[in-house]
2 protein chains.
Amino acid sequence: MDGRRGKIASKPAGPRRSRQIDAGGLERGGDGLTRADLQIQPKTIQQQTVERLRSAISEGVFQPGERLVEVEVAGLLGISRPSLREALRSLESERLVTIVPNRGPHVSVVTWAEAGQIYHVRKLLEGEAAALAAEHVEAHHLEQMRCALEDFRAAVTVGDRRSLIVATTAFYRAVVDGCGNRIIAEMQAHLYARISFLRDRSMSNPARPRESLKEMTAIYEAIKRRDAEAARLAAVRHVDLACSAALAAYKESDGET
Amino acid sequence: MDGRRGKIASKPAGPRRSRQIDAGGLERGGDGLTRADLQIQPKTIQQQTVERLRSAISEGVFQPGERLVEVEVAGLLGISRPSLREALRSLESERLVTIVPNRGPHVSVVTWAEAGQIYHVRKLLEGEAAALAAEHVEAHHLEQMRCALEDFRAAVTVGDRRSLIVATTAFYRAVVDGCGNRIIAEMQAHLYARISFLRDRSMSNPARPRESLKEMTAIYEAIKRRDAEAARLAAVRHVDLACSAALAAYKESDGET
DNA sequence: GTTTTAAAAATGTCTGACAATTTGTCAAAC
DNA sequence: GTTTGACAAATTGTCAGACATTTTTAAAAC
């Protein structure tokens, strides 16, 4: 069964999951399935690589600016250089990785100016998403939001930063999925990923999570009562405050750029 | 000088531009240069490939849904399969190409539902861009817009569809660059590329270009007189009408999906 | 302490290979 | 005649190895 990759010389690279179906990937978790979403697809190495690198970058395993030396990373992941390069091209298009010709790939560095622009667009996008959600949302999306909020609340009391992030992401996704516009959903996810490095820091402000919870609850309530404009305002306000918190955290830790 | 690629066996693949600087690529043409934009970078084959494929798709050389068989396309471009695959990954992330595992890449098919969502986001984005431009725009951006409009007018009288598209694109870019938010610019370009296949058809309506000219002029005038809200409205209106025109053209030619 | 030079590391790109999967064809079975 | 199967051809996914060029590092020279 493993004959094809038998010639791995340098590093055994650990157990190799044979290419099975693995439908548990849930690229778009939750209940709102359409028939198209039922499609089961094989997961190629390239896809797994992209996903794994993406979350590694998001979680700070690779720091912004850090060089990603191809042989090294490929070895780390247990894949070949060509496969890694393909994955890196994907991430480059997502702006998570920057590839400078002849100097290779590194984790993208986001200046504060850029981050500000990203927040600006997020306000626009998430405001619209919330407004649309107030009109289009279905029961299971609301349920998802409620759960996410509950998880968030729990995480606040416990003080687990990781759970805070997971819950926040889940909430955003519920809203953005509930809005019915996939383009917005895609873009939101992209933008959010690009400023992930700010999340942690702004969440480290002990007061922030509690405020965040209030703001998100306001969004939820407005959507639930189908008040589009209130939902938009609440969402914009939330992103705005998140932006301020991030700025504060950013300035505190390293004021350059 | 060509020793490195001397072993091309199958196809001579035509004259190979030796890796020279070729600064004329103008990934972001115009005047609004910052110091960072002066940077001259070597153009790798991968970059050239992406650009060439992108415009080929935009211009309909490859039709939506058409399969892109790797060996074939690689031969066409005179590059190797790995290089092509990297390029395809980039285009996949831009959603211009879809890669189905084990079935390979094909030009993405955009359903009308998706197109509608794209127009929706474009309204949001370009409206904001116009509003921001009214506040931030600099002289040379205005000049670019004016030129683009002039070109457009000329193209209308002559009736050259290609020039219409070029001028339109130039106008949008001027606005979106003038707004000062690079994220918006990036996204606009992306979205615009994804619905390029509609451009041609909607422009084939003989009345549309003239209307389009009026609408764009309105945007220009509003920005020039620094009236942000008027600019936003004009931009939104323009995209809205473009959307309607596209829908009409779409329904006319092929009503499936 | 600079500047120059040489060596090492890393990237860009190509060729060749091959298993796994999909697709197309064509005859056998119902 | 349509459905089923089976086999061959085409295509993709992935790897390994190679090598010219460029960048980086280290050492040497001034």
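What counts and what doesn't
- Residues numbered from 1 in each chain as written.
- Chains lettered and ligands numbered in written order.
- Predicted model: local features only at pLDDT ≥ 70, side-chain atom pairs only at ≥ 80, totals over all residues.
- Helix = DSSP H or I, 4+ residues; strand = E, 2+ residues; numbered from the N terminus.
- Contact = placed C-beta atoms within 7 Å.
- Axes fitted to C-alpha atoms, helices over the stretch in contact; angles between N-to-C directions.
- Parallel < 35°, antiparallel > 145°, perpendicular 65-115°, else oblique.
- Left-handed = near helix turned anticlockwise from the far one by under 90°.
- Nonpolar A, V, L, I, M, F, W, Y, C, P; charged D, E, K, R; others polar.
- Pairing = 2+ DSSP bridges.
- Buried ≥ 20, exposed ≤ 12 C-beta atoms within 10 Å, placed from the backbone.
- Least-squares fit on C-alpha atoms with pLDDT ≥ 70 in both.
- Core = buried A, V, L, I, M, F, W, Y, C linked by C-beta atoms within 7 Å.
- Expected span 1.5 Å × (residues − 1).
- Domains from an automatic or database assignment.

Some details on the environment of Ser163(B)
All names here are of chain B.
Part 1: Along the polypeptide, Ser 163 turns up in helix α6 (residues 161-178).
Part 2: Counting along the chain gives 22 residues from Ser 163 to His 141, while the straight-line C-alpha distance between them is 20 Å.
Part 3: Among all residues touching Ser 163, those that are not within four sequence positions of it are Asp 151 and Ala 155.

Quick look at the packing of helix α6 (residues 161-178) of chain A against helix α7 (residues 182-194) of chain A
Angle between the axes and distance between the axes: these two values describe a pair of packed helices.
All names here are of chain A.
Part 1: In the contact formed by α6 and α7, the axes pass within 9 Å of each other and the chain directions differ by 155°. If you check the angle between α6 and α7, you find them roughly antiparallel. Pair α6 / α7 crosses with right-handed handedness. The segment α6 lies against α7, with Tyr 172, Val 176 and Asp 177 engaging Ile 184, Ala 185, Gln 188 and Tyr 192.

Notes on the interface of chain B and chain A
Part 1: Contacts between the two partners involve 24 residues from chain B and, on the opposite side, 24 residues from chain A.
Part 2: Elements supplying a minimum of two residues to the side of chain B that touches chain A: α3 (81-93), α4 (112-136) and α7 (182-194) of chain B.
Part 3: The element contributing the most residues to the side of chain B that touches chain A is α3(B), with 7 residues.
Part 4: A breakdown of the residues in the side of chain B that touches chain A according to their chemical character gives 9 nonpolar, 8 polar and 7 charged.

Looking at the packing of helix α1 (residues 45-58) of chain A against helix α3 (residues 81-93) of chain A
Residues and elements named next belong to chain A.
Part 1: At a closest axis distance of 9 Å, the pairing of α1 and α3 adopts a crossing angle of 55°. Here α1 is positioned oblique relative to α3, judged by the angle of their axes. The two elements α1 and α3 cross, and the hand of that crossing is right-handed. Taking contact as the criterion, the partners of Ile 45, Gln 46, Thr 49, Val 50, Leu 53 and Arg 54 in α1 are, on α3, Ser 83, Leu 84, Glu 86, Ala 87, Ser 90 and Leu 91.
Part 2: Of the residues that constitute the contact of α1 with α3, the class distribution is 6 nonpolar, 4 polar and 2 charged.

Topic: the pairing of strand β2 (residues 104-107) of chain B
Residues and elements named next belong to chain B.
Part 1: As paired elements, strand β1 (residues 97-100) and β2 share 4 bridges and run antiparallel to each other. Bridge pairing links Val 97 to Val 107 in β2.
Part 2: Two successive antiparallel strands, β1 and β2, enclose a turn made up of 3 residues, where Asn 102 displays a positive phi of approximately 70°.

Side note on the environment of Glu66(A)
Residues and elements named next belong to chain A.
Part 1: Among the secondary structure elements, Glu 66 is positioned in the loop between α1 and α2 (70-77).
Part 2: Looking at Glu 66, the number of C-beta atoms within 10 Å reads 14, which means it is partly exposed.
Part 3: Expressed as a C-alpha distance, the spacing of Glu 66 and Ser 108, which sit 42 residues apart in the sequence, is 8.2 Å.
Part 4: The residues touching Glu 66, leaving out its near neighbours within four places in the chain, are His 106 and Val 107.

Examining the relation of the copies chain B and chain A
Part 1: Superposition record for chain B on chain A: RMSD 0.0 Å, screw rotation 180°, translation along axis 0.0 Å. On this basis, the relationship between the two copies can be described by a two-fold rotation axis.
Part 2: The fraction of interface residues of chain B whose copies in chain A are also interface residues reaches 100%, indicating that both copies meet through the same surface.

Side note on the nonpolar core
Part 1: With 100 residues, the main nonpolar core has Ala130(A), Val175(A), Ala130(B) and Val175(B) as its most contacted residues.
Part 2: With residues near it in sequence (within four places) discarded, Ala130(A) still touches Val175(A), Ile219(A), Ile223(A), Ala231(A), Arg232(A), Ala234(A) and Ala235(A).

Remarks on α6(A)
Residue and element names in this part refer to chain A.
Part 1: Taking 1.5 Å of rise per residue, 18 residues should cover 26 Å, and α6 covers 26 Å from first to last C-alpha, within 8% of that figure.
Part 2: If you follow the buried residues of α6, they end up packed against α4 (112-136), α5 (139-158), α7, α8 (196-203) and α9 (208-224).
Part 3: Positive phi shows up at Gly 180, right after α6, with a value of about 80°.

What about the domain arrangement of chain A?
Residue and element names in this part refer to chain A.
Part 1: Segmenting chain A into domains produces domain 1 (15-107) and domain 2 (112-253).
Part 2: At the interface, 10 residues of domain 1 touch 11 residues of domain 2.
Part 3: Taken together, the residues of the side of domain 1 that touches domain 2 break down into 2 nonpolar, 4 polar and 4 charged.

Examining the environment of His120(B)
Part 1: For His120(B), the location among the structural elements is in helix α4.
Part 2: With 12 residues separating them in the primary sequence, His120(B) and Ser108(B) have C-alpha atoms 19 Å apart.

Notes on unusual backbone geometry
Residue and element names in this part refer to chain A.
Part 1: Notably, Arg 95 is not glycine yet its phi reads approximately 70°, a positive angle.
Part 2: Mapped onto the elements, Arg 95 comes out in the loop between α3 and β1 (97-100).
Part 3: Even without being a glycine, Asn 102 presents a positive backbone phi close to 70°.
Part 4: For Asn 102, a count of 8 C-beta atoms within 10 Å translates into the label exposed.

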